Amino acid sequence: MKKIAPSILSSGIIDLAKYLPGIEKETDWLHLDVMDGHYVPNITFGFSVVKSIRNKTKMFLDTHLMIDKPDRYFERFAKAGSDLICFHPETVQNPMDAVKKIKALGCDVGMVLNNKISVDTILPFLSELDLALVMSIEAGFGGQSFIPKSLEKIKLLRKKIDAEKLETLIEVDGGINAQTAGKVLEAGADVLVMGSAVFGYGNPVENIKCIKKEFGLHFS
Ligand code: DX5
Ligand code: ZN
């Protein structure tokens with residue numbers, strides 16, 4: 001099942017409240033970008049925002065941590081209501097310990113490959129992951145252009161996951177819109193994160209409907 005995970009980075013929080021009932025009719029995942037101004041230069045939000053979104057929706061909260069030493073905070077995000085916690089392996093001392101810690105909290109676990117990080121970094125962990133998140137931009141800001149080289153990473157991961165009959169989902173994040181979504185799906189992605197393509201113009205609910213229709217995407 002292919003999915004869109006709208007990234008609220010490009011939405012105003014007030015607008016999100018307004019559109020959430022419509023969004024949850026169109027998709028069941030929401031992508032939450034947490035940034036600390038250290039691992040990436042941008043700063044967004046933390047637990048309290050995740051918690052207030054949790055209180056408003058039953059959507060699957062896909063939480064992308066772009067912060068230093070995220071293992072300090074896994075428990076707080078789990079308690080705030082995150083369903084999936086994704087971390088960048090270079091931000092922790094021991095990625096396998098971090099994977100175990102997230103699982104022990106009852107959350108799904110994802111590992112993120114930032115643009116300059118080799119796909120080899122994630123391969124030893126693949127069978128332990130619920131999701132592999134491929135950045136198709138340099139993490140930190142919405143509205144950047146899709147980096148075509150990331151398609152190679154997606155294809156390689158698809159090959160490995162299929163060859164080993166794993167259930168790990170491939171999520172792709174950055175610069176995905178009506179122009180780039182087709183290539184990303186063709187390369188083997190399962191979940192498309194979309195920030196500006198959903199919230200950047202017009203009506204987010206209509207934008208999701210249009211993209212779903214164009215690519216024949218269905219949701220469980
Ligand atoms: C950026 C974030 C993305 C961002 C994508 O580091 O991880 O989730 O919201 O935004 P667009 O879809 O505009 O590239
Ligand atoms: Zn993200």
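Residues numbered from 1 in each chain as written. Chains lettered and ligands numbered in written order. Predicted model: local features only at pLDDT ≥ 70, side-chain atom pairs only at ≥ 80, totals over all residues. Heavy atoms only, no water.

Surrounding ligand 1, one finds 21 residues, the nearest of these being Ser7, Gly140, Asp173, Gly175 and Ser196. Expressed as a share of its isolated accessible area of 380 Å², the protein-covered part of ligand 1 is 99%. Mapping ligand 1 onto the cavity grids shows that it belongs to the largest pocket. Going through the elements one at a time, strand E2 (29-35), strand E3 (60-66) and strand E8 (191-194) are the ones with two or more residues in the shell around ligand 1. Of all the elements, E2 adds the most residues to the shell around ligand 1, at 3 residues. Of the residues in the shell around ligand 1, the class split is 9 nonpolar, 10 polar and 2 charged. (Near = heavy atom within 4 Å. Areas by Shrake-Rupley, 256 points an atom, 1.4 Å probe, with all protein chains shown as cover. 1 Å grid on protein atoms, 1.4 Å probe; cavity = no way out; pocket = protein on both sides within 12 Å on 5 of 7 lines; lining within 4 Å. Sits in = over half its atoms within 2 Å of the grid points. Helix = DSSP H or I, 4+ residues; strand = E, 2+ residues; numbered from the N terminus. Nonpolar A, V, L, I, M, F, W, Y, C, P; charged D, E, K, R; others polar.)

Moving on to the coordination of the zinc ion (ligand 2). Around the zinc ion (ligand 2), the protein contributes the donor atoms His31 (NE2), Asp33 (OD), His64 (ND1) and Asp173 (OD), which lie 2.1 to 2.3 Å from the metal centre. Here the zinc ion (ligand 2) binds 6 donor atoms, and the angle range of 70 to 167 degrees at the metal identifies the geometry as octahedral. The sequence motif formed by the donor residues of the zinc ion (ligand 2) is H-x1-D-x30-H-x108-D. Of this pair, His31 sits in strand E2 while Asp173 sits in strand E7 (residues 169-173), and the two are 142 residues apart along the sequence. Asp173 sits in the buried class, given a relative accessible area of 7%. (Donors = N, O, S within 2.8 Å, 3.2 Å for Na, K, Ca; no water. Tetrahedral: all angles 85-135°; square planar, octahedral: opposite > 155°, others 65-115°. Buried < 20%, exposed > 50% of the residue type's maximum accessible area, 1.4 Å probe, protein only.)

All chains considered together, the criterion is met by 10 salt bridges. A salt bridge links Lys116 to Glu138; its shortest N-O distance comes to 3.3 Å. Within this pair, whereas Lys116 is found in the loop between strand E5 (108-113) and strand E6 (131-135), its partner Glu138 is found in the loop between E6 and helix H5 (150-163), the two being separated by 22 residues in sequence. You can call Glu138 partly exposed: its relative accessible area is 28%. We note a salt bridge from Lys155 to Glu152, for which the minimum N-O separation is 4.0 Å. Of the two residues, Lys155 and Glu152 both sit in helix H5, 3 residues apart, roughly one turn of that helix. Judged by relative accessible area, which is 43%, Lys155 ranks as partly exposed. One network of salt bridges, with partners in common, ties together Arg158, Asp162 and Asp190. (Salt bridge = Lys/Arg side-chain N within 4 Å of Asp/Glu carboxyl O.)

To continue, consider the confidence of the model for the chain. Of the residues in the chain, 99% have a pLDDT of 70 or more, and the chain-wide mean is 96. When mean pLDDT is taken per element in the chain, strand E4 (residues 84-87) scores highest with 99 and helix H1 (residues 13-26) scores lowest with 92. (pLDDT = per-residue confidence, 0-100.)

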